[in-house]
Structures are given as structure tokens and as C-alpha cells.
Amino acid sequence: MVMFKVSRVETNPIEGQKPGTSGLRKKVKVFKQPHYLENFVQATFNALSADKVKGATIVVSGDGRYYSKDAIQIIIKMAAANGVRRVWVGQNGLLSTPAVSAVIRERVGADGSKASGAFILTASHNPGGPHEDFGIKYNMENGGPAPEGITDKIYDNTKTIKEYFIGEDLPDVDISIVGLTSFGGPEGHFDVDVFDAADDYVKLMKSIFDFESIKKLLASPKFTFCYDALHGVAGAYANRIFVEELGAQESSLINCTPKEDFGGGHPDPNLTYAKELVIRMGLNKSKPQDNPPEFGAAADGDADRNMVLGKRFFVTPSDSVAIIAANAVQAIPYFSDGLKGVARSMPTSAALDVVAKHLKLKFFEVPTGWKFFGNLMDAGMCSVCGEESFGTGSDHIREKDGIWAVLAWLSILAFKNKGNLGGEKLVTVEDIVRQHWATFGRHYYTRYDYENVDAGAAKELMAHLIKLQSDISGVNKIIKGIHSDVSDVVQADEFEYKDPVDGSISKHQGIRYLFADGSRLVFRLSGTGSEGATIRLYIEQYEKESSKIGRESQDALAPLVEVALKLSKMTEFTGRSAPTVIT
Ligand code: G16
């Protein structure tokens, strides 16, 4: 057996290692600086209680982006030196973020071991490659992202760190081959277990959904399907689940080979970046398609996000979670006993609120960031949750889950078409959404992103919006001057959240302007960018009247958009005349 020694390496704090909405995300060249990754990993080990490190089992894997393979070897060597007993690695270092969560919660090692946490190597929907982004975050024993208490501790540790520990003489482990490698260290055995990336996750999905009914839907000649992994890690699951298990045609999968640089693309499943899928689904007006598929979906780099499309039809993520919640009990076996409650992030539209009210479900509005759902789920208060940022999921794990969302939609389609698969016409995605609007009303919704804006300018814009909030009648005068028929602002504040489970308070979670007719304007700075600042503007308007629910979203929202841009002085502050992305 190969033996290793523990080396103590002297280091100094490096600035800017504060985890954002979901971990630390920076350019690869930043991560490659001497000690950069090592400092953050040691700061994380030091922030965890000793029993989660010494003698523990941890998972290390990610979306396979550039620099992951090097980072995995470094973390393995640091884990060994910090007294970790076992490291579990997905084959080739690949595990989607939801699969990591599933592995922490479900996987039992051959010797009965369970994982106490995971380093997930991903910058999610940000591009990858030598000049792009890398990222790292830590997930806890419940399978969910580390709560703020821990990420704050990690950050504090990065500011005082003086040393880290590493098994420098440990040889690199071949992570392309499934199997166990054992080493001997000062504190006994240290194992690296490389396992199949999809097994646990596929098993979990099969225990949640009725695969037989989805299989029948996919077998119908009238149902056509397309899945775009945008060259992210979802590709490692798509073939297994959609083709091998559910019988979809291989040609229905596009960009499903995971690549270190995501094929040079931006692995963000929205109407701007999922270009190929958007064309195939007939949603690009300049490239009309004869007969687009009935159903299309995309995932982001680490496969926790999803975009759902029908034939020439876009489902907003806010509507998606509301529709899943409204149909879950009938369509998805996992929920057949009922939903414990539902939750959404603050900027997500209120479509879910209306469903919750109708079904008399517990409902929660949390700040942006999946970690806020975890406490509710652990306390048995929430079954289904979602975010406008293309995240949907349930309490089967503690991360949002891109493939789960697709299977949820396929289940709803299968349920709505039960007994109808041989009929004249299938119930389509668009039919389901329109029917939902007819029952619950429609929340017109759009998000404008201004990416990579000067950070100082973004702060000034936010400060300007906060200052305006002290004089609501003044705000209403400005608004009337922009558009006289927009309703009055009745409340303006910064969103603050008190966690109902542990009582912790999160402040400054987005600037809100709430209107008398239920419309909302929300402004936030993104917490996931790696350079400059990204301003997000969320615009929402509720329409109950059935004669008014069929409008084009941009027409319905045009007055509010104009109000938002002028009120915030977007162009003056940022110099931008248009957003980078509109969804
Ligand atoms: C992360 C979090 C999400 C959150 C999103 C928002 O997503 O996991 O819960 O909604 O960030 O990002 P921002 O702060 O940029 O608006 P991901 O997919 O990037 O891990």
C-alpha cells in the first residue's frame, strides 16, 4: 500500500474569497494562483465540526468544467491530510449538483459508510474554459448548500488563514476508472472510491416517477421530444434516463457530451443562450421550423437548472413550479399523499401563491438561493419549490434538479394524456399552461439582466432606488409622469427574511416596489457572477380576467418596463441602453 505524509504549508490570506449566492465563483486564472484553491478548501475544513472531517466520508465532483480534474486531485490530497477517511468521486469527476445531493443523502458505501458533505466543483451556468469561470461550494450532511452561518465562517477563515495541510506525496488517483484505491497515512487508511456517476441518481428518479407511463408517452408517434444539455454534466444522465430507461430516440438529445468548455457556449438554459434548442422548438422567429417537437428542455452546466418549452411556446420558470405544484399529487407517485407545503424565492412570480391558496397549502417566500429551502424541507414544511432563475425541485434532495423538473413535466403530460395517446390530438404543453392561466389567472413576467456592469455604478443605482423608497408619494408622482395608467405603489422596501425554522434573519435580499394591483418591480444584484456586477430587474403583473390572459408578454408588461427603467435611471447609471439577456 502506498503511504503518504502530511505536509504543512505556510500561506497568507487572499482577498475576495467570500462565497456568493452559491459558492465561490471566479475566473480560472484566479483559482490557479498559488494557494488560492488550497486556502479556500482548508478554510472550509476549518469551518466544519471535527466529526465532519476526521474519519468522515466526503464527496468531491462537479460539472467537469476546465480545471476540475486538477482541483479534484488537490482536494483529495488535502482531504487525506486533514484526516478524512474516504473520498467518493463520480467517474471522471462528474456528478451533477442534484446527483451530489442524492449521493450524500442516499448512497451507502460497501462498508456501510455515509457521506457527511461534498465539495461541488462548478460555476453552474457560467461559461467554462481556461479564460472563463471555475467554482467551488460545500454541501452539508442534508445534501444542501452550506447555510450562511457556515459560509460566513469559511469567509472569516480565509481572512486569517496561515497554513494548510496536504498529502503532497500522494500519487494522483485515476478517476476515469470505477474502483477503490487505498493509501496509508499517519492516521490510518485513506480510501478514494470512484463510482458510476448516474447509478444512485437514476435509482432515485425511478422511485419518484412512474417511468412506465412516461415511457408510453414517449412511445406515442404524436409525441416528439428534444433535450439539450448545453454540453454540461446533464449529458451524463440524459442518455441513461431518456434513452435507455424511457426509450426516447438518441437523436432527441443534443449537446449531451459533457465538455470542459461547454463547447465554447454559455451553459445557461434560457431563451438567449440555449440557441439550438430555441431554434428547434420553433421559437426563433427568423428561423421558422416546419414541425418542432412537442416538448423541449435544457439544463445548465451542473444540471440543476431547467428550461421547459412546448412547441413554439416558452414556459416561464415561475409558471412551471406553479403548474407542477398544481398537478403533483395526481401526476407524480412520490406526492400521492399530498404536498407538505410549497415555497418560492422572493423575485419569483406569485403564480405559486395562487395555487397554494387554492389548494390550502402552506406557503413560504424566501430570499434568492436554494439554501433557504433546505430548512423548510428538513422541517417537513415544504415539498415543492422553485425560482424564477430556472430552478425547480422538491424535497427528494436539497438542491434544485433540472432532470427532475423535466420528468415532472413529462409526468404531467402523461397524466393529462392518459387514455388519449391514440386520440386525434395530444394535450400539449401550451394547452396545460393556458388551462392553468384560465383557472388561476396569469402572472405576466419578465426578467432583464444587465451583465458585467461596473460594480460601482450598480451600487449607486441600488442606493438611488433605496433612497426613493423613503417617499412613496414622490415615487408615485414620478411613475404617473412616466405612465399615468400604471397603478400606485403601496409598499416599497428591501426584502428581509426570518427563517421560520431557526429564526435566523437575512437582510438586504432585494429592493421591492409593490403596486396596488399586485404588480411588482424587484431589483437585485446577482450573487453568482465572477466579474463586475450583474443587475437583475424582475417585472410582474397579475391578470385574472380571462379575456386578458392571452396577450404577448412584452405588450402586457411594456408600461411597467418603462416605469422600471426610468425610475431606476438604468441607462444613466449603467450606460446600457438594453439588457444583456431578457427572459
Ligand atoms: C444559484 C442558486 C439559486 C439562485 C441563483 C440566483 O443558482 O443556487 O438558488 O436562484 O443562484 O443567482 P443570482 O444571485 O445570480 O440571481 P446556480 O444555478 O447559479 O447555482
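Residues numbered from 1 in each chain as written. Predicted model: local features only at pLDDT ≥ 70, side-chain atom pairs only at ≥ 80, totals over all residues. Heavy atoms only, no water.

Asker: It is not clear to me how the nonpolar core should be interpreted in this structure. Could you clarify?
Answerer: One finds Phe225, Tyr227, Ile241, Phe242, Phe295 and Leu407 to be the most contacted residues of the largest nonpolar core, which totals 84 residues. The dominant element in this core, judged by the number of residues it contributes, is helix H13 (residues 402-416), at eleven residues. Non-local contacts of Ile241, meaning those with residues more than four positions away in its chain, are made with Tyr201, Val202, Met205, Phe211, Leu246, Ile403 and Leu407. Residues Phe31, Tyr36, Val87 and Ile175 belong to the second largest nonpolar core, which totals 46 residues. (Core = buried A, V, L, I, M, F, W, Y, C linked by side-chain atoms within 4.5 Å. Buried < 20%, exposed > 50% of the residue type's maximum accessible area, 1.4 Å probe, protein only. Helix = DSSP H or I, 4+ residues; strand = E, 2+ residues; numbered from the N terminus. Contact = heavy atoms within 4.5 Å.)

Asker: Even after reading the chapter, I still don't get the UniProt feature "domain: Alpha-D-phosphohexomutase alpha/beta/alpha" (unreviewed entry) in the protein chain, so can you show me in this structure?
Answerer: Feature annotation in UniProt places "domain: Alpha-D-phosphohexomutase alpha/beta/alpha" (unreviewed entry) on residues 17-164, 199-309 and 318-437, given in this structure's numbering. With 46% helix and 13% strand, residues 318-437 has end C-alpha atoms that lie 12 Å from one another. (UniProt positions renumbered as here; feature names shortened; annotations may be inferred.)

Asker: Is there a simple way to explain the site of the ligand in this structure?
Answerer: What surrounds the ligand is a group of 19 residues, the closest being Glu387, Arg524, Ser526, Thr528 and Arg536. Contact between the ligand and Ser526: an oxygen atom at 2.5 Å from a side-chain N or O atom of the residue. For the ligand, whose free accessible area comes to 460 Å², the fraction covered by protein is 99%. Using a 2 Å cut-off from the grid points, one finds that the ligand occupies the largest cavity. The class makeup of the residues in the shell around the ligand is one nonpolar, ten polar and eight charged. (Near = heavy atom within 4 Å. Polar contact = N/O pair within 3.5 Å; in protein donor to acceptor, adjacent residues only side chain to side chain. Areas by Shrake-Rupley, 256 points an atom, 1.4 Å probe, with all protein chains shown as cover. 1 Å grid on protein atoms, 1.4 Å probe; cavity = no way out; pocket = protein on both sides within 12 Å on 5 of 7 lines; lining within 4 Å. Sits in = over half its atoms within 2 Å of the grid points. Nonpolar A, V, L, I, M, F, W, Y, C, P; charged D, E, K, R; others polar.)

Asker: Looking at this structure, how should I read the sheet that holds strand E26 (residues 533-543)?
Answerer: Judged by pairing direction, the sheet is antiparallel, and its six strands sit side by side in the order E21-E24-E25-E26-E20-E27 without closing on themselves. Of all strands in the sheet, those with a lone pairing partner are strand E21 (489-494) and strand E27 (581-582), marking the two edges. Here strand E25 (residues 520-525) runs beside E26; their pairing, made up of six bridges, is antiparallel. Bridge pairing links Leu525 to Ile535 in E26. Contacting strand E20 (442-453), strand E24 (511-515), E25 and E26, helix H17 (residues 553-568) crosses the sheet at an angle of about 135° to E26. (Pairing = 2+ DSSP bridges. Axes fitted to C-alpha atoms, helices over the stretch in contact; angles between N-to-C directions.)

Asker: How do you make sense of helix H7 (residues 211-219) when you look at a structure like this?
Answerer: Because each turn of an α-helix spans 3.6 residues, side chains separated by three or four positions end up pointing in the same direction. Those residues of H7 not exposed but buried are Phe211, Ile214, Leu217 and Leu218. One side of H7 holds all its buried residues, which, seen down the axis, span an arc of 120°. Residues of H7 that are exposed and point more than 90 degrees away from the buried face comprise Lys216 and Ala219. Along its buried surface, H7 packs onto helix H6 (199-208), strand E11 (225-228), helix H8 (235-245) and H13. At the N-terminal boundary of H7, the capping side chain belongs to Asp210, with an oxygen 3.1 Å from the backbone nitrogen of Glu212. (Arc of directions from axis to C-beta.)

Asker: Help me out: how do you make sense of the sheet that holds strand E9 (residues 179-185) in this one?
Answerer: Pairing between the strands of a sheet is mediated by backbone hydrogen bonds and can be parallel or antiparallel. Taking strand neighbours across the sheet as the criterion, the eight strands line up as E1-E9-E10-E5-E4-E6-E7-E3 in an open arrangement whose pairing is mixed. A single partner strand is all that each edge strand has here, and the edge strands are strand E1 (2-3) and strand E3 (24-27). As judged from the four bridges shared by E3 and strand E7 (residues 133-139), these two strands associate in the antiparallel manner. Note on E7: the bridge partner recorded for Leu24 is Ile136. Packed onto the sheet, helix H4 (residues 97-106) meets strand E4 (57-62), strand E5 (86-90), strand E6 (117-121), E7 and strand E10 (188-195) and runs at close to 165° relative to E6.

Asker: What's the story with the pairing of E24 in this structure? I'm lost.
Answerer: Along a regular strand, successive side chains alternate from one face of the sheet to the other. Taken across its five residues, E24 has five buried, putting it largely inside the fold. Pairing analysis gives five bridges linking E21 to E24, with the strands arranged antiparallel. Bridge assignment links Ala492 to a residue of E24, and that residue is Tyr513. Here E24 hands over to E25 after four residues, with Gly518 in that stretch at a positive phi of 95°.

Asker: Help me out: how do you make sense of the packing of aromatic side chains in this one?
Answerer: Each aromatic ring pair is described using two quantities: the centre-to-centre distance and the angle formed by the ring planes. Tallying each qualifying case throughout the model produces 21 aromatic pairs. Plain terms: the ring middles of Phe119 and Tyr138 are 4.9 Å apart, the flat faces sit at 75° to each other, and that makes the pair edge-to-face. Placement of the pair is Phe119 in strand E6 and Tyr138 in strand E7, with a sequence separation of 19 residues. Judged by centre distance (4.9 Å) and plane angle (85°), the rings of Tyr334 and Phe335 are edge-to-face. A residue is classified by how much of its surface remains accessible, and Tyr334, at 34% relative accessible area, is partly exposed. Given the relative accessible area of 2%, Phe335 is considered buried. Through pairs of rings, three or more aromatic residues link up here, namely Phe223, Phe225, Tyr227, Phe242 and Phe295. In this arrangement the basic side chain of Arg107 is found over the ring face of Trp88, its NZ or CZ atom lying 4.6 Å from the centre. It is Arg107 that lies over the ring of Phe195; its NZ or CZ is 4.0 Å from the centre. (Phe/Tyr/Trp six-rings, centres within 6.5 Å; stacked < 30°, edge-to-face > 60°. Lys NZ or Arg CZ within 6 Å of the ring centre and 35° of its normal.)

Asker: How do you make sense of the layout of surface pockets when you look at a structure like this?
Answerer: Where empty space is left in the structure can be found by rolling a water-sized probe over the atoms. Size it by volume and the largest pocket reaches roughly 1200 Å³. Lining the largest pocket are 37 residues, with Lys18, Gly20, Leu525, Ser526 and Gly527 sitting closest to its centre. Taken together, the elements giving at least two residues each to the lining of the largest pocket come down to E3, helix H5 (148-160), helix H12 (371-378), helix H15 (455-468), E25 and E26. Of all the elements, H15 adds the most residues to the lining of the largest pocket, at four residues. Residues belonging to the lining of the largest pocket are distributed by class as follows: ten nonpolar, 16 polar and eleven charged. By volume, the second largest pocket is sized at about 1000 Å³. Lining the second largest pocket are 35 residues, and of these Leu271, Leu283, Phe314, Glu552 and Gln554 sit closest to its centre. Of all the elements in the fold, those that place two or more residues in the lining of the second largest pocket are helix H9 (275-280), strand E15 (313-314), helix H14 (429-440), E20 and H17. Element by element, the count of residues in the lining of the second largest pocket is highest for E20, at six residues. (Points joined across faces, edges and corners; volume = space filled by probe spheres on them.)

Asker: Explain empty space enclosed by the protein to me, please; I cannot follow it from the model alone.
Answerer: In the structure shown here, the tally under the stated rule is six cavities of 30 Å³ or more. Of the volumes computed, that of the largest cavity is approximately 270 Å³. If you go around the largest cavity, you meet 28 residues; those closest to its centre are Thr21, Ser22, Arg305, Lys400 and Thr528. Residues that form the lining of the largest cavity fall into these classes: three nonpolar, twelve polar and 13 charged. Here the second largest cavity defines a volume of roughly 90 Å³.

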